[in-house]
Amino acid sequence: MRTRISNGTIVTPAGRFQADVVCQDGLIAALAEPGRGGPADEVIDASGKLVFPGFIDPHVHSRDPGLTEKEDFAHSTRAAAAGGITTICEMPNAVPPVTDVHVLRDRAAQHSEVASVDFGLWALSLGPENLDQVPRLIEAGAVGVKLFWGYALHRTTRQLVYNLADEPPERLILPPTNGEVFQLFAAVARAGGLLAAHCEDRGVIEACQRSLGHDLERYDDLLAARPDVAEAAAIATGAEFARATGCRFHVVHISSARGVEIVRRSQRAGISISAETCPQYLTLTDEDYDRIGPMMKVYPPVRRAADREGIWQGLLDGTITSVGSDHAPHTVEEKRRSLAAQPAGCIGVETLAPVMLDAMLRGRISAERLAWVCSEGTARLYRLYPRKGAILPGSDADLTIVDPAAEWQIDNARLHSKHNLSPWHGRRGRGRPVLGVLRGRVIMRDGEPVGEPSGRPVRPAEARPADA
Ligand code: NCD
Ligand code: ZN
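Residues numbered from 1 in each chain as written. Chains lettered and ligands numbered in written order. Predicted model: local features only at pLDDT ≥ 70, side-chain atom pairs only at ≥ 80, totals over all residues. Heavy atoms only, no water.

## So, the overall build of the chain
Here's step 1: Regarding its fold elements, the chain presents 14 helices and 20 strands.
Here's step 2: Compactness check: the chain gives a C-alpha radius of gyration of 21 Å against a globular reference of 23 Å for 468 residues, within 12% of the reference.
Here's step 3: Based on the C-alpha atoms only, the size of the chain along its principal axes is roughly 70 × 50 × 40 Å.
Here's step 4: The burial tally for the chain puts 62% of its 468 residues in the buried class.
Here's step 5: Looking at the chain alone, contacts between residues at least 24 apart form 73% of all its contacts between residues at least 6 apart.
Here's step 6: Accessible area for the chain stands at about 17,400 Å²; split by element, carbon and sulfur atoms hold 49% of it.
Here's step 7: Across the chain, the mean location of the 53 positive side-chain charges is 3 Å away from that of the 59 negative side-chain charges. (Helix = DSSP H or I, 4+ residues; strand = E, 2+ residues; numbered from the N terminus. Rg over C-alpha atoms; globule rule 2.2 N^0.38 Å. Buried < 20%, exposed > 50% of the residue type's maximum accessible area, 1.4 Å probe, protein only. Contact = heavy atoms within 4.5 Å. Areas by Shrake-Rupley, 256 points an atom, 1.4 Å probe, with all protein chains shown as cover. Lys, Arg positive; Asp, Glu negative; His and termini not counted. Charge placed at Lys NZ, Arg CZ, Asp CG, Glu CD.)

Here you go:
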């Protein structure tokens, strides 16, 4: 099967150029002069369109298995395909969570049956409880080891506990101590893996909740209970652990200007530290709460305009490498509860690309930088490059074709997740993925997934000296 994507503008982090992309047997076979790609079984006209390397969402919680009342892998990956994503990395906090290699292998097999996009799998750290499994999980192909730093877990289900007051202490696995986290960094470093952490210092949060002295009522209470110093302090501690152990340390969903500053400073000092942010931190602030309401509750919280600006700065100057959605669905019923009572997390895998493309067309970010943070930079971070994240001969033929002129309005009723309450509902913008190609096959047309689910597992390449 030979497919030619003709007359489009190829966008890579290194620049933009007109070319035909020739795909054969799932791979990119060649780049050719516009209109000169030769005969093909299928020709896709991309005149006037931007052809990006397939977008990657490295931060998706599909809740599958175990919490499928909230979401499942079939729905989340259809939503991903609909939104122009061709690969996701699936977070490990389903039931059971991915804490050993048996679960990792089962999960890959199970998800392969229903996946609409390719997927990597995260492993979960339980602190000392599964420290011995960490090297095995890395060797078995987990894209990274995730530490929900500061979260307590249910002793039996090992689920995240969002609100500590909800559970009696004997039913909790308390978060690892700093000493135990330090040992985790050392173990991941020895195994050559990537350690990613949710960074909010639990001690700081508890102290702030105590001084607040009452339940969350207004959005300001949430910001007072989970201030930026909680994020910055955790990142600074992690940076020191990374310095001491040589571990590759990744900060997921960075939400504060202070956090970005610590990452920047640490990178300048030569520490192996990287960061991700999400569209919610780039496009929303506390001022949107009156309009959106409690369902914009996410951890870490969406903060103030100055934080949003600091994060944009970090995204543009290279401090932040990757944008993920932190697609973290809950049921509509749960997300309609009060600010205090509802679990944190919002859907976002389907809106990631449109929201970022709109920012691009408003001049906030160049197309080249977008190709980095939504594709190549992410692929390199998880060692999926150049199989993913590249439009090069030999790479998987994963492409996200964007119509820069298309206008859109996000509508909950038209999203593809199981529970659709988007914080961007009603938002208008410009620029959307109109065609998704996964290993040479069209998986999305005009925002609708097409064809049988054909996603496959992907795993990091072996560490090569060039990565070191
Ligand atoms: C995530 C979830 O619900 O799994 N929620 C969230 O608010 N981001 C957990 C997490 O990523 O911290
Ligand atoms: Zn998190």
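## Observations concerning the packing of aromatic side chains
Here's step 1: For the structure on display, the rule yields nine aromatic pairs.
Here's step 2: Their ring planes at 85° and their centres at 5.5 Å tell us that W122 and Y382 sit as a pair that is edge-to-face. One end of the pair, W122, is in strand 8 (residues 118–124); the other, Y382, is in the loop between helix 14 (367–381) and strand 17 (399–409), and 260 residues separate them in sequence. The pair formed by W122 and Y382 is uniform in burial state, with each residue classed as buried.
Here's step 3: Stacked on the ring of Y299, the Lys or Arg R226 has its end atom at 3.5 Å from the ring centre.
Here's step 4: Above the plane of the ring of Y385 lies R380, whose end atom (NZ or CZ) is 3.9 Å from the centre. (Phe/Tyr/Trp six-rings, centres within 6.5 Å; stacked < 30°, edge-to-face > 60°. Lys NZ or Arg CZ within 6 Å of the ring centre and 35° of its normal.)

## Details of empty space enclosed by the protein
Here's step 1: Tallied over the full model, the rule gives six cavities of 30 Å³ or more.
Here's step 2: Estimated volume of the largest cavity: approximately 140 Å³.
Here's step 3: Every residue lining the largest cavity is counted, 17 residues in all, and those nearest its centre are H61, Y151, Y299, D326 and A328.
Here's step 4: A breakdown of the residues in the lining of the largest cavity according to their chemical character gives nine nonpolar, six polar and two charged.
Here's step 5: Space inside the second largest cavity adds up to approximately 90 Å³.
Here's step 6: S125, F148, Y151, L153 and P176 are the residues nearest the centre of the second largest cavity, which is lined by 13 residues in total.
Here's step 7: Taken together, the residues of the lining of the second largest cavity sort by class into eleven nonpolar, two polar and no charged. (1 Å grid on protein atoms, 1.4 Å probe; cavity = no way out; pocket = protein on both sides within 12 Å on 5 of 7 lines; lining within 4 Å. Points joined across faces, edges and corners; volume = space filled by probe spheres on them. Nonpolar A, V, L, I, M, F, W, Y, C, P; charged D, E, K, R; others polar.)

## With respect to the coordination of the zinc ion (ligand 2)
Here's step 1: Those protein atoms acting as donors to the zinc ion (ligand 2) are H198 (ND1) and H253 (NE2), and they sit at 2.1 to 2.2 Å.
Here's step 2: What the four donor atoms of the zinc ion (ligand 2) show is an angle range of 59 to 140° at the metal, which sorts the shape as irregular. Of the two residues, H198 sits in the loop between strand 13 (194–197) and helix 5 (202–212) while H253 sits in the loop between strand 14 (248–251) and helix 8 (257–268), which places them 55 residues apart along the sequence.
Here's step 3: Residue H253 is classed as buried on the basis of its relative accessible area of 3%. (Donors = N, O, S within 2.8 Å, 3.2 Å for Na, K, Ca; no water. Tetrahedral: all angles 85-135°; square planar, octahedral: opposite > 155°, others 65-115°.)

Any functional reading would require information beyond the geometric quantities listed.
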